[in-house]
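Okay, here's what each chain looks like letter by letter:
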Amino acid sequence: MQNRYRQITIGYLIFLLLVLLFFGYTPTNDGEGYIELARKAMGDGMLYPSPSSIRGYPFVWNIGEICMVEGALLLFHTVIPVLILNCLLKALTAYLIALTARQLFNERIGLIALLLFVAYPNNWGDSTMLVTEIPAIAMALIGIYLILTDERKSRWLIAGLLFAISSWIRPLSLIYIGSAFLCHLIRKRQILRNYLFLAAIYLAFTVVVGLGSKSRTGYFLYQTDTMWFNMAEATYETSTKPHYDSDMYPKGTIRYIADREHKDAVECTAIWRSRCLEWLKGHPVQYLKKVPGRLFWMYFSDIDNISAFKADKRLPAENYVTLPYTHLVSEINTLTGIQYLALISWIYYIALLCGCLLGMAILLRGRQWQPFFLPAMIIIGGSLAIVLATHGEPRFKDPFMPWIILLAALSLSKIGKQKIMTRKESSPTYLQR
């Protein structure tokens, strides 16, 4: 079965490379921002963050991703190598989902999960963009697979390093680590020493990166710090729906800093942190009321990457695809070709969500606690953590999509069967022993 996994993964990789070849680089607002900051750091003759790349900017952005962009520009004068790496890591993610599903359930469910992932239209275009989600998720998935399947210190060392790199690119791996740790505790595994070892490796990498940044900027910086920038908006926003065309720094709000252009990112973050904490003390209920709406909008759709197939992608701010959700039936005949692809992707996505919920129900009904807790903790706990800290953009749920697909594969496998045989019933794994 693993040979079949590899064959499908290689085919998927070839497909992604062909998409990149024929449709090319897809500029996005974030991607162009990464390039701008990488060039600023290059001008300083340093890695990002550097003095000029944080002066006048509102926050320290995704350090690992910008360093990759900077390296590609320095060595190749183009970001194409980063996009090729995206294709490799996206295909690796598909393979890891199959292996993880096989580990938790069985080989058949692993195959279904792999096929669901590679057939999902929204998974076809993001490798043409400069995004943090692809490398961060791939690194975190490797790490989680290693610690769930092996107790050798060498594997945990590699896992700790990969988790740290994942957070350096985009801070999401702590959700995976925490969920795995709780899952191990539920199984009453005495592996605290392993987690301490993993934490030591994670911290060691963080210290090295932070000290490097401190030598360049005077600040200990090791990962992005956009939370307070986003939370500042939450103190005055009237809608929980993400919006991108409003004034970023409206006067009279917590977000507005009169002389922001003359401050650096760390100074701005400190001001927003202080203002937000003071506001939260007096308005905790008002802030918590926003959480359900944010959760809804984060999970409402998942078509961000369809813009990779647009014919004209020159303007980053216009590289998105919309659907007339409220008038879909009456306007179905007026949709463009790319909107039809987005619609197919959206329907596929809704089916995945339904399959995920059914998969959870199947596991709960069968009292299969171990394979339930890990994906459920990552999806539910991670989602709540994100919407408590920031607004709910659809792409913010990307770290949970592998687990949603894994559970959807379980429910699909249930069709026509009376029982789901987990891997525990055939050959026990490290986590299940």
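As a reminder, the structure under discussion sits directly above these lines.
Small disclaimer: the values here were computed from a predicted structure and weren't measured.

Q: Break down a nonpolar patch on the surface for me, with residues and values.
A: A surface patch of nonpolar side chains, amounting to about 640 Å² of accessible area, comprises I10, I14, L18, L21, F22 and F23. Relative to the elements of secondary structure, I10 occurs in helix α1 (residues 2-23).

Q: Go over the packing of aromatic side chains, please, and point to the residues and values.
A: Under the defined criterion, the tally for this structure stands at 23 aromatic pairs. By way of ring pairs, the aromatic residues Y34, F59, W61, F229, Y249 and W272 are connected into one cluster. The residue whose ring lies beneath R255 is F229, and the NZ or CZ to ring-centre distance is 3.8 Å. One cation-aromatic arrangement involves R260 over Y249; the distance from NZ or CZ to the ring centre is 4.0 Å.

Q: Before we move on, could you go through the nonpolar core and cite the residues and values that matter?
A: Counting 136 residues, the largest nonpolar core has F163 and W403 as the members making the most contacts within it. No other element matches the 13 residues that helix α5 (residues 80-104) contributes to this core.

Q: An account of helix α2 (residues 29-44) is requested, with residue identities and associated values reported.
A: End to end, α2 covers 23 Å across 16 residues, agreeing with the expected 22 Å (1.5 Å per residue, within 8%). Regarding α2, the residues found buried are G31, G33, Y34, I35, L37, A38 and A41. In the stretch just after α2, G45 is the one whose phi turns positive, near 70°.

Q: Which residues make up the pattern of salt bridges, and what values do they have?
A: According to the stated counting rule, one finds 16 salt bridges in the structure shown. For E133, the salt bridge goes to R395, with nearest N and O atoms at 2.9 Å. One end of the pair, E133, is in helix α7 (residues 133-149); the other, R395, is in the loop between α17 (369-389) and α18 (401-414), and 262 residues separate them in sequence. Close ionic contact of R294 with E237 constitutes a salt bridge, the shortest N to O distance being 3.4 Å. Of the two residues, R294 is situated in helix α14 (residues 290-300) and E237 in the loop between α11 (227-234) and α12 (265-282); the sequence distance between them amounts to 57 residues. In this pair, the class of R294 matches that of E237, namely buried. Residues joined in a network through salt bridges with shared partners are D30, E133, R170, E393 and R395.

About the thresholds
Residues numbered from 1 in each chain as written. Predicted model: local features only at pLDDT ≥ 70, side-chain atom pairs only at ≥ 80, totals over all residues. Heavy atoms only, no water. Patch = residues over 30% accessible without salt bridge, like charges linked within 9 Å, V, L, I, M, F, W, Y side chains within 5 Å. Areas by Shrake-Rupley, 256 points an atom, 1.4 Å probe, with all protein chains shown as cover. Salt bridge = Lys/Arg side-chain N within 4 Å of Asp/Glu carboxyl O. Helix = DSSP H or I, 4+ residues; strand = E, 2+ residues; numbered from the N terminus. Phe/Tyr/Trp six-rings, centres within 6.5 Å; stacked < 30°, edge-to-face > 60°. Lys NZ or Arg CZ within 6 Å of the ring centre and 35° of its normal. Core = buried A, V, L, I, M, F, W, Y, C linked by side-chain atoms within 4.5 Å. Buried < 20%, exposed > 50% of the residue type's maximum accessible area, 1.4 Å probe, protein only. Expected span 1.5 Å × (residues − 1).

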